[in-house]
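Tertiary structure, described
What follows is the residue order along each chain.
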Amino acid sequence: VQLVESGGGLVQAGGSLRLSCVASGSIFSIAAMGWYRQAPGKQRELVARIGNGGSTNYADSVKGRFTISRNNAKNTVYLQMNSLKHEDTAVYYCSASTLGDAYVYWGQGTQVTVSS
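The paragraphs below set out a description of the structure included in this document.

Rules of the game
- Residues numbered from 1 in each chain as written.
- Predicted model: local features only at pLDDT ≥ 70, side-chain atom pairs only at ≥ 80, totals over all residues.
- Heavy atoms only, no water.
- Phe/Tyr/Trp six-rings, centres within 6.5 Å; stacked < 30°, edge-to-face > 60°.
- Helix = DSSP H or I, 4+ residues; strand = E, 2+ residues; numbered from the N terminus.
- Lys NZ or Arg CZ within 6 Å of the ring centre and 35° of its normal.
- Pairing = 2+ DSSP bridges.
- Axes fitted to C-alpha atoms, helices over the stretch in contact; angles between N-to-C directions.
- Core = buried A, V, L, I, M, F, W, Y, C linked by side-chain atoms within 4.5 Å.
- Buried < 20%, exposed > 50% of the residue type's maximum accessible area, 1.4 Å probe, protein only.
- Contact = heavy atoms within 4.5 Å.
- Salt bridge = Lys/Arg side-chain N within 4 Å of Asp/Glu carboxyl O.

Across all of its chains, the model carries one aromatic pair by this definition. With a centroid separation of 5.0 Å and an interplanar angle of 75°, the aromatic rings of Tyr36 and Trp106 are classed as edge-to-face. Taken together, the positions of Tyr36 in strand 4 (residues 32-38) and Trp106 in strand 10 (residues 104-106) put the pair 70 residues apart, joining distant regions of the chain. Taking the ring centre of Tyr93 as reference, the NZ or CZ of Arg44 above it sits at 3.8 Å. A cation over an aromatic ring shows up here: Arg44 above the ring of Trp106, its NZ or CZ 4.5 Å from the ring centre.

In structure tokens, the structure reads:
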């Protein structure tokens, strides 16, 4: 499975960005897709995740501000980020996992920088 992210960039606090991630390859094996982020000096953390059936879960820090969605016909997952804060600054990684997280695939990452 190959994952290619796009949509990162520089935005002012309070602004919005939308990240996209296109999956290719053995996509039939994917059970869930998600977004993680890693800020400098910190561990990678889950931002949002969506299952094949559409179930979602979010980190508490982004609930009400971020929305994850999935277009199965386009093999694409999106992360709409609104009301961005400086602390959202990080490299955002797309992930795709097989059933039970037996295998997890990662994209190359896209930088999101929120200026305060």
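Here we come to the sheet that holds strand 1 (residues 2-6). Taken together, four strands build an open sheet; the order of strands is 1-3-8-7 and the sheet is antiparallel. At either margin of the open sheet sits one strand with a lone partner, and together these are strand 1 and strand 7 (66-71). When strand polarity is set aside, the average angle formed by the axes of neighbouring strands in this sheet is 15°. Sheet analysis places strand 3 (residues 17-24) next to strand 8 (residues 76-81), joined by six bridges and oriented antiparallel. Within strand 8, the residue paired with Arg18 across the bridge is Gln80.

Our focus in this paragraph is unusual backbone geometry. Located in the positive-phi region is Asn75, a residue other than glycine, with phi close to 55°. In this structure, Asn75 sits in the loop between strand 7 and strand 8. For Asp101, which is not a glycine, the phi torsion comes out positive at approximately 55°.

In this structure, Met33, Trp35, Leu79, Met81 and Tyr92 are the most contacted members of the largest nonpolar core, which totals 28 residues. In contact with Met33, not counting residues within four places along its chain, are Leu3, Cys21, Ala23, Arg49, Ile50, Ile68, Arg70, Val77, Cys94, Ser95 and Ala96.

Okay, the environment of Gly7 next. In this fold, Gly7 is placed in the loop between strand 1 and strand 2 (9-12). With residues near it in sequence (within four places) discarded, Gly7 still touches Leu17, Arg18 and Leu19.

Time to look at the pattern of salt bridges. Tallied over the entire structure, the rule returns five salt bridges. Arg37 serves as the salt-bridge partner of Asp88, at 2.9 Å between the closest nitrogen and oxygen. One end of the pair, Asp88, is in the loop between strand 8 and strand 9 (90-97); the other, Arg37, is in strand 4, and 51 residues separate them in sequence. Judged by its relative accessible area of 1%, Asp88 is buried. Under the relative-accessibility criterion, Arg37 is labelled buried at 6%. Between Asp101 and Arg49 there is a salt bridge; the shortest N-O distance is 2.8 Å. Of this pair, Asp101 sits in the loop between strand 9 and strand 10 while Arg49 sits in strand 5 (residues 45-51), and the two are 52 residues apart along the sequence. Judged by relative accessible area, which is 38%, Asp101 ranks as partly exposed. The structure contains a network of salt bridges with shared partners spanning Arg37, Glu45, Arg65 and Asp88.

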